[in-house]
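# A look at the structure
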Amino acid sequence: MDELPPPPVAPQRLPGSPEAGPSPASGVAAPAAPPPRRRWPIVLIVVGALILVLGGIGAVVASTGGSSASAGPSAAAPTPTVAPPGAPTNLRAAAEAFHVALRWDPASEGSPVARYDIRRNGTFVGQAKASASSFTDAGAVPGQRYTYTVTAVGADEQRAVARVDVRTKDAPPGTAALVGTFNVHLHNTSHSGFSSFRNSDFNNGWRFAPQCNHPPCNTQLRNINDKKMTVVLKQRGGSYTGSTSVGGLVTCEGHDLSVSMSVAIHVTRADAVHDTWQVTKFTGTMSQYASAQLGCTSSSARFTVVGTSLKH
């Protein structure tokens, strides 16, 4: 067997490693290190690569609104505030008994007007175009105080308001509608041909239904206490008259007789009721006549009537 070589006396250098400095034991100088200038190209290449990488990251951050982790949309810019329209100027009102005419001048400042809204005592009564400068309220009633507002409305619904106070003129009671339910007091002033007459004073309920859409006009009277009594009253100004035949009001030997009835009433008072002009009181007469029938003598009776609206 061959003998192993003896261990090396001095440490060996790895291949390709830089040479060590001078060995104190040998006294022999090691080769000098490469000059520093040979390392600068490598350093410059590394620095340049870092600059390019950092520049790319900055470009990505800038393109995503300041965040490289989120690509969501940025917040929308607030909508610019639009100035409100100017309020109508020189608003005035001309009042009659049943209508009020409003006029105004357009504002010289503010944003454009889209329309005008008109209210009476806070209740909407109509609209006017942006180009309009007048409006007529045909729903007014006589003798009332109203506050009208004319509101300029912009395209974005911003508003500017002008107001005016007015009182409508009075009107005759006969111009009111005879409508609704009345308590009617009847007082007998004369009668004849009756073997017995029950009451000289009594009350009835009368209900009136106009026969048109825009009263005053002819109206139907229906007796609530005796539904057989129905008569159409013809209207002329503040007076209403009509007649009809009714059975059962007068009897003879247990049999109902046919009775002719006539009603004549005159309006004495009217008021605003729920924004409408209505009769609230009337006076008049009611008469009845039954000819001789079934062996019974003729009979007649006459009454004065005073009616008061239940809404009054």
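Residues numbered from 1 in each chain as written. Predicted model: local features only at pLDDT ≥ 70, side-chain atom pairs only at ≥ 80, totals over all residues. Heavy atoms only, no water.

## Points about the overall build of the protein
Of regular secondary structure, the protein possesses one helix and 15 strands. Among the 312 residues that make up the protein, the fraction classed as buried is 28%. A sequence separation of at least 24 residues applies to 52% of the contacts in the protein between residues at least 6 apart. Of the accessible surface of the protein, which amounts to about 20,000 Å², a share of 56% is contributed by carbon and sulfur atoms. (Helix = DSSP H or I, 4+ residues; strand = E, 2+ residues; numbered from the N terminus. Buried < 20%, exposed > 50% of the residue type's maximum accessible area, 1.4 Å probe, protein only. Contact = heavy atoms within 4.5 Å. Areas by Shrake-Rupley, 256 points an atom, 1.4 Å probe, with all protein chains shown as cover.)

## Some points on the sheet that holds strand β11 (residues 230-236)
Strand order in this closed barrel of eight strands is β8-β9-β10-β11-β12-β13-β14-β15, and the pairing throughout is antiparallel. Between one strand axis and the next, the sheet turns by 30° as a mean value, whatever way the strands run. When strand β12 (residues 239-252) meets strand β13 (residues 255-273), the two strands line up antiparallel, connected through 12 bridges. When the bridges of β13 are listed, Gly-242 appears paired with Val-263. (Pairing = 2+ DSSP bridges. Axes fitted to C-alpha atoms, helices over the stretch in contact; angles between N-to-C directions.)

## As for the pairing of β12
Both β11 and β12 contribute to a ladder of three bridges, which runs antiparallel. Counterpart to Gln-235 in the pairing with β12 is Tyr-240. Taking the residues between adjacent antiparallel strands as the criterion, β11 and β12 are bridged by two residues, where Gly-237 takes a positive phi near 65°. Counting the residues that bridge the hairpin from β12 to β13 gives two residues, and of these Glu-253 lies at a positive phi of roughly 55°.

## Focus on the layout of surface pockets
In this structure, the largest pocket occupies an estimated 810 Å³ of space. In terms of lining, the largest pocket is formed by 32 residues, of which the most central are Phe-194, Arg-198, Leu-249, Val-250 and Gln-288. Of all the secondary-structure elements, those providing two or more residues to the lining of the largest pocket are β9 (201-210), β12, β13, β14 (276-290) and β15 (299-309). It is β12 that contributes the most residues to the lining of the largest pocket, five residues altogether. Split into classes, the residues belonging to the lining of the largest pocket amount to 14 nonpolar, 14 polar and four charged. Its volume calculated, the second largest pocket comes out at about 280 Å³. Forming the boundary of the second largest pocket are 17 residues, of which Ala-177, His-214, Pro-215, Thr-276 and Trp-277 lie nearest the centre. Considering each element in turn, the lining of the second largest pocket owes the most residues, three residues, to β14. Its residues assigned to classes, the lining of the second largest pocket comprises 10 nonpolar, six polar and one charged. (1 Å grid on protein atoms, 1.4 Å probe; cavity = no way out; pocket = protein on both sides within 12 Å on 5 of 7 lines; lining within 4 Å. Points joined across faces, edges and corners; volume = space filled by probe spheres on them. Nonpolar A, V, L, I, M, F, W, Y, C, P; charged D, E, K, R; others polar.)

## Focus on the pairing of strand β7 (residues 159-167)
Here β7 shows a clear split, with Ala-160, Ala-162, Val-164 and Val-166 buried on one side and none of Arg-159, Val-161, Arg-163, Asp-165 and Arg-167 buried on the other. In this sheet, β7 lies alongside strand β6 (residues 145-154) in antiparallel orientation, the contact comprising nine bridges. Along β7, the bridge assignment pairs Thr-149 with Arg-163. Hairpin connection between β6 and β7: a loop of four residues separates the two successive antiparallel strands, and Glu-157 in this loop has a positive phi of roughly 70°.

## What about the nonpolar core?
One finds Tyr-148, Trp-206, Phe-208, Ile-265, Phe-282 and Met-286 to be the most contacted residues of the largest nonpolar core, which totals 51 residues. The greatest single-element share of this core, amounting to seven residues, is contributed by β13. Residues within four places of Met-286 in sequence aside, it is in contact with Leu-186, Trp-206, Met-229, Met-261, Ser-262, Val-263, Ala-301, Arg-302, Phe-303 and Val-305. (Core = buried A, V, L, I, M, F, W, Y, C linked by side-chain atoms within 4.5 Å.)

## Focus: the sheet that holds strand β2 (residues 100-105)
Read across the open sheet, the three strands follow the order β1-β2-β5; overall the sheet is antiparallel. One side of each edge strand has no neighbouring strand; the edge strands of this open sheet are β1 (89-95) and β5 (134-137). Strand-to-strand twist of the sheet, defined as the mean angle between neighbouring strand axes without regard to direction, takes the value 15°. As paired strands, β1 and β2 are joined by five bridges and run antiparallel to one another. Pairing of Arg-92 across the sheet is with Arg-103, part of β2.

## Things to note about unusual backbone geometry
The linkage connecting Pro-215 with the following residue, Pro-216, adopts the cis geometry, with an omega of 15°. Within the secondary structure, Pro-216 is located in the loop between β9 and β10 (219-223). Phi is positive for His-274, which is not a glycine, with a value near 55°. Here His-274 lies in the loop between β13 and β14.

Honestly, that's just the spatial picture; any functional story needs more than this.
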